[in-house]
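These are the residues of each chain, in order.
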Amino acid sequence: MKKVLLLLITIISPIYFMQAQDIAVTGKTKDTGGEILPGVNLMIKGTTKGAVSDFDGNYTIDAPSDGILVFSYLGYATLEVPINGRSTIDVSLEPAAEQLLETIVIGSRGQGRTKLQTAAPVDVISVSKQAINMPQLDVGQLLVASAPSFTAVRSQGGDLSASVTPPSLRGLAPNQLLVLVNGKRRHSGAQLIGSATGGSANSVDMDFISLDAIDRVEVLRDGASAQYGSDAIAGVINIVTRKGTNKFTANYTAGFYTNSNPDISDSNISESDQALLEDSDGLDGITHQLGINYGTSFENGGYLNVAGMYRQNEAAIRPNISGATPYGDSYLNNERTDAQGNPIITNPELLAAQTAGDAALAAELQTDDGLLAARGLTARDISTFAGLSPSVLGVVSYDLELPLSATSETSFYSFGDFGFKNTDGFGCFYRRAAQTDRFNFDLYPNGFRPQMINTQTNIAFTGGIKGKLGDWDFDFSNTFGTNTQRLGQFNTFNASLQSASPTVMDLGTHKFTQNTANFDLTRFYPDFLAGLNIAVGGELRIENYIIERGQEESYAAGDAGVFTATEDNQELIGPDGFPLEGLNGSPIVDDNGNALVLPYGGVSSYPVLQYSPNCQCFRGFAPENEADEFRSVTGLYLDLELDVTDKWFISGAVRTEQYSDFGGVFTGKFATRYAITDNFSFRGSVSNGFRAPSLQELNYSHTFTFFVDLDPFDGTLYPNSSQVAKTIGIQQLQEERSTNFGFGITAKLFNKLDLSIDAFQIDIRDRLFQTGNFSATDAPVLEPLIDSGLASFRINGGDISTKGIEFVANYNDRVGEGMLNLNFSGLISDRTFEGANVPDLNTALTDQELEDLYIDRAIIGAYEEGIPNTQMIASVTYTLGKWSGMLRGNYFGEISRIDDGEGTLTDENFPGAGTQGFSDQTFSAQVTSDLGITYQASENLAFTLTGQNIFNNYPDLYRSEERGFYLYGNAQQGSLGAFYSVRATLSF
């Protein structure tokens, strides 16, 4: 019993002693000029206990007499004050522009520098501080709202593209941007996703990196292939995760789109189509998001941070107004037959009216509108949907560091995440009952709207050891990442199988896996001039790309529409004694007008009804599309950074990489910065870069089916290693090569305004594109291989360039009793397609015909004008006591859509109506506004009201010829309208 009592005393005594030493500490918070600072945050260091000063700057907190108080306030330097038994502590905080004090990791392996001290432009977005007032719920959209050079156009259709929002920098392709997490290469997604900058590309899915796990994002707007390797032509994004925060935070957000259409009464859209747009269910896109984060520090200097996020959004539906016929005459009048000529009753309502002798009702039911009304349907029910696809997303992540001993500087670290996302995507045109080749009355009497399913699992894991090897710092790590996408369709069927077809299908699985091992050494020589840093390292990367086939019905061509003779010399005669009719209602006869004859019973057959094969909307991946490809990449680099003097800094890097599947590359970079004064500097850089074709680009293939006369044929995107590519003369893909130039100035004015202006030019040779479709007529040498099919390929098709000016101005000052931050940033650029690199192919085309087919004008237009060349952001943030507010304006410059083929122009609001031409269109510049207001109800609870595009601004309408899928342009602010949300944030 004594032992138990002694044990209890031993445990309880320190706790009692600690409590006994707590004292009440009061005081006042001011700035160095003596002005009161309300709303200053203070914490007891090493704990989660804190307080906030009131409107008069007064605070009270119970704290250990030997503790340390930590004071922090936006725009002021953090201050630590030992208590030393005092009960009254007044403090004065030093003004400091917070963003100027952040040390940049990206772009340098040497000593920490602020963003105004770097030799290349870097944006620093403090997510952990900024996100609370932002209406954006994911890191991609938050970066769009914070960095004008960054774009992430969210597809509002486009089948698989709706499941990933590809990031882009300076208007270049998503896979010309390298994404790092804590300085380690992030794996890309498994799919090639269509992008607004022309063509398709694999890209990192940033949804799997939750905002709650991020401390800040560093955006290096400069070519960095020599520093980081392939994909860094446009620049690098480094996502820095939270460390030991010693805090638990949780937030819940609920939001919605207003779904309020703008006034288009003065447009050329008919009143009935305008009524379709108004036929909505009110608020939509309802979104719920829960985020949590917990961080703890260990006594030995280590830490653990864990974060989680769950988001669910309902559909935000924006229907089209194509005005296409839903049923058609043959459907309305019960004139359809099966392959044997037996009638199919498609309008039983008409038969009932005729039997009842109701001529007026019968006449009404023989119209599209009448039958729709009789079945309780509206035009919206049979329209094609665009908008925000319904989805579910969940992510769990962690960041851990553990010192290996108390005496060494070596530590083990690890971070990673696991994510799941399911998207029921739009992107498919409504299959109308009038489309006889996609018709089945039993399954879909009124037609159907196919939808894509993309179920993703994503895993990322990094483990490493860092520390000292003599005078050198070392970092040895291994990063593993994999993305699996299981593709499917629902509300679909294979028409060539008719009623035997399933309506939900597995289309196949895509998987990309990447494992990267790095070993880095750095050493700083403080006595060499003003400081020299040397960094060397190596990398071994192994990648694997897999395409697995879908279920057979998703790619099969059935025989449901085929008539097979049951006897020799059988005529194609229906039960009515007349020749059988095809889907267009025309009799199937020979040149003399007689019914065709099938000579052999049980053998001879004829496709009477040309039912479309494959899964409707998107053909499943077939055995010939399967792939399982590996490659390895080895790289070595040398990076030198030298402070020649306190004012002059230079850096240089060289890198060589060897790819197992296409060869080696060598790149270099030189950058410098010179400080004219302490507050004014010049900086510049020159580099060459490269981007190796991804395994997806090298090995992706997909087949679609089309008809020539009565026979189905395949069109295929072939890999460059295929026999078809070799026969026509398509070469193996090579790396894209770039030359990057940058020059800029940085300044700090009045000790409150920081400013950077940077000009850049990037020239890219041999950019990857996709050709148009070659037929055997275009290239007779292909006839034995593709017959009457079509063939397209990925190619190093042309040279491009982009140049522009970027500027960022940030102002911090005390106004009244609060803190004001003003930010103005922008990009003014010009993107140019410099010309096609057309090889001498084995075709029968003229030089001009070959060039037009080799590089499509629509793809060129998408690169040059598909996203704004000019974009600006202006924001104001004001913090006063418990209140914080943000108002931001976004300017999106003009964009253009370039048509890919001539046709009859019909829109009288554009030149050339009634003639043949291209339906090109320029969309006017747009301005939107965002709002965020936060109230700190207590030291543990805050409430935020946010609005995105609060004035519900929509982009221009598409010209009438192009309103098949979208009604509005999509590559500026999108066409979802205003989004509002409320958020509660809990922390302790």
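Residues numbered from 1 in each chain as written. Predicted model: local features only at pLDDT ≥ 70, side-chain atom pairs only at ≥ 80, totals over all residues. Heavy atoms only, no water.

Things to note about the state of the cysteines
What counts here: Disulfides are defined in this document as cysteine sulfur pairs within 2.5 Å. Helix and strand definitions here come from DSSP, where helices need a minimum of 4 consecutive H or I residues and strands a minimum of 2 consecutive E residues; each element is numbered from the N-terminal end. Only protein chains enter the accessibility calculation, which uses a 1.4 Å probe; a residue is then buried when its area is under 20% of its type maximum, exposed when over 50%, and partly exposed in between.
As enumerated under the stated definition, the model contains one disulfide in all. Between the sulfur of Cys428 and that of Cys617 lies a disulfide, 1.9 Å long from S to S. Measuring the twist about the S-S bond at about -85 degrees, one finds the Cys428-Cys617 disulfide to be left-handed. Here Cys428 is found in the loop between β25 (411–425) and β26 (451–469), whereas its partner Cys617 is found in the loop between β33 (605–607) and β34 (627–643), with 189 residues between them in sequence. Unpaired in this structure, Cys615 has its nearest cysteine sulfur neighbour in Cys617, at a distance of 7.6 Å. Given the relative accessible area of 3%, Cys615 is considered buried.

A short note on helix α6 (residues 271–278)
Keep this limit in mind: As used here, the arc is the angular range of directions from the helix axis to the C-beta atoms. We call two residues in contact whenever any of their non-hydrogen atoms come within 4.5 Å of each other.
Restricting attention to buried positions, one finds in α6 the residues Asp273, Gln274, Leu276 and Leu277. Along α6, the residues classed as buried sweep out an arc of 150 degrees about the axis, all on the same side. In α6, the exposed residues that point more than 90 degrees away from the buried face are Glu271, Ser272 and Glu278. Of the surrounding elements, those touching the buried residues of α6 are β20 (316–319).

Things to note about the nonpolar core
So the rule is basically this: The nonpolar core is taken to be a set of buried Ala, Val, Leu, Ile, Met, Phe, Trp, Tyr and Cys residues, with the residues joined through side-chain atoms within 4.5 Å.
Among the nonpolar cores identified, the biggest contains 58 residues, and Phe150, Val217, Ile239 and Phe793 are the most heavily contacted of them. Setting aside residues up to four positions removed in sequence, Val217 forms contacts with Asp123, Val124, Ile125, Val127, Val139, Leu143, Ile237, Asn238 and Ile239. Counting residues in each nonpolar core, the second largest holds 21 residues, with Leu192, Cys428, Leu695 and Leu717 among its members.

Side note on the side chain of Asp31
With respect to the secondary-structure elements, Asp31 resides in strand β1 (residues 22–31). Residue classification places Asp31 among the buried positions, given a relative accessible area of 9%. Dropping the residues within four chain positions of it, Asp31 is found in contact with Leu37, Tyr76, Ser92, Leu93 and Arg814.

Brief notes about a nonpolar patch on the surface
Definition in use: Exposure above 30% relative accessible area and the absence of a salt bridge qualify a residue for a patch, where like charges join within 9 Å and nonpolar side chains (Val, Leu, Ile, Met, Phe, Trp, Tyr) within 5 Å. Only the protein chains shown count as covering a residue, and every accessible area follows the Shrake-Rupley method with a 1.4 Å probe. The rule for a salt bridge is simple: a side-chain nitrogen of Lys or Arg has to be within 4 Å of a carboxyl oxygen of Asp or Glu.
On the surface, a nonpolar cluster with roughly 380 Å² of combined accessible area is contributed by Phe298, Leu402, Leu404, Phe412 and Ile465. Residue position: Leu402 is located in strand β24 (residues 391–403). Using a relative accessible area of 31% as the deciding quantity, one classes Leu402 as partly exposed.

Some words on the sheet that holds strand β4 (residues 58–64)
The cut-off we apply is this: When DSSP finds at least two bridges between two strands, those strands are taken to pair. The axes are straight lines fitted to the C-alpha atoms, using for helices just the contacting stretch, and the angles between their N-to-C directions are given from 0 to 180°.
Ordered by their spatial adjacency, three strands build an open sheet running β4-β1-β7, and the pairing between neighbours is mixed. The open sheet has two free edges, formed respectively by β4 and β7 (91–93), since each of these has just one partner strand. Going from strand to strand, the sheet's axes swing by 40 degrees on average, the running direction of each strand aside.

What about helix α14 (residues 847–854)?
Among all positions in α14, only Leu850, Leu853 and Tyr854 are buried. Summarising the axial view, the buried residues of α14 lie within an arc of 100 degrees, below the 170-degree limit, and thus occupy one face. Elements that come into contact with the buried residues of α14 comprise β41 (753–770), β42 (774–775) and β43 (790–815).

Focus on the sheet that holds strand β3 (residues 50–52)
Read from one edge to the other, the open sheet built from four strands follows the order β3-β2-β5-β6, with strand pairing classed as antiparallel. The two strands at the open ends of the sheet, each matched to only one other strand, are β3 and β6 (76–82). Neighbouring strand axes in the sheet, compared pairwise and without regard to direction, differ in orientation by 20 degrees on average. Across four bridges, the pairing between strand β2 (residues 41–44) and strand β5 (residues 68–73) is antiparallel. In the sheet register, Leu42 faces β5, and the bridge partner there is Phe71.

A word on the confidence of the model for the chain
Selection rule: The predictor rates its confidence in each residue with pLDDT, a number between 0 and 100.
Mean pLDDT over the chain: 88, with 94% of residues reaching 70 or higher. Here residues 1–20 is a poorly scored stretch, pLDDT under 50, and it has one contact once near neighbours within four places are set aside; other chains count. Long-range and interchain partners of residues 97–101, a stretch whose pLDDT sits below 50, account for 15 contacts in this model, where long-range means more than four residues apart.

As for the environment of Leu507
Looking at the secondary structure, you find Leu507 in strand β28 (residues 505–525). Its relative accessible area of 0% is what places Leu507 among the buried residues. With 311 residues separating them along the chain, Leu507 and Ala196 place their C-alpha atoms 25 Å apart. When sequence neighbours within four positions are dropped, the list of residues in contact with Leu507 reads Met452, Leu487, Gly488, Gln489, Arg549, Gly550, Ser554, Cys615, Phe618, Gly620 and Phe621.

A short note on the pattern of salt bridges
What the rule picks out here adds up to 40 salt bridges. We note a salt bridge from Arg216 to Glu218, for which the minimum N-O separation is 3.0 Å. Take Arg216 and Glu218: they sit in the same class, and that class is buried. A network of salt bridges, in which partner residues are shared, links Glu539, Arg541, Glu543, Arg631, Arg655, Glu657 and Asp661.

Things to note about a negative patch on the surface
Filter applied, for reference: We score Asp and Glu as negative and Lys and Arg as positive, and we do not count His or the chain ends. The location of each charge is read from NZ of Lys, CZ of Arg, CG of Asp or CD of Glu.
A surface patch of like charges, here negative, comprises Asp840, Asp847, Glu849, Glu851 and Asp852. In this structure, Glu849 sits in helix α14. Overall, Glu849 belongs to the partly exposed group, its relative accessible area being 40%.

Points about the packing of aromatic side chains
Rules: When the centres of two rings from Phe, Tyr and Trp lie within 6.5 Å, Trp using its six-membered ring, the rings pair. Their planes under 30 degrees apart give stacked, over 60 give edge-to-face, and anything left gives tilted.
Across all of its chains, the model carries 24 aromatic pairs by this definition. On the numbers, 6.0 Å between centres and 20 degrees between planes, the contact of Phe682 with Phe743 is stacked. A residue pair is termed long-range when its members are at least 10 positions apart, and Phe682 in strand β37 (residues 680–691) and Phe743 in strand β40 (residues 736–749) qualify at 61 residues. A relative accessible area of 33% means that Phe682 is categorised as partly exposed. Arranged with centres 6.4 Å apart and planes meeting at 45 degrees, the rings of Phe774 and Phe793 form a pair that is tilted.

A look at the pairing of β43
For β43, the tally of buried residues reaches 21 of 26 residues, placing the bulk of the element in the interior. Relative to β43, β41 runs antiparallel, the two being bridged by 16 bridges. Along β43, the bridge assignment pairs Phe760 with Gly804. Sheet topology places β42 next to β43; two bridges connect them, and they run antiparallel.

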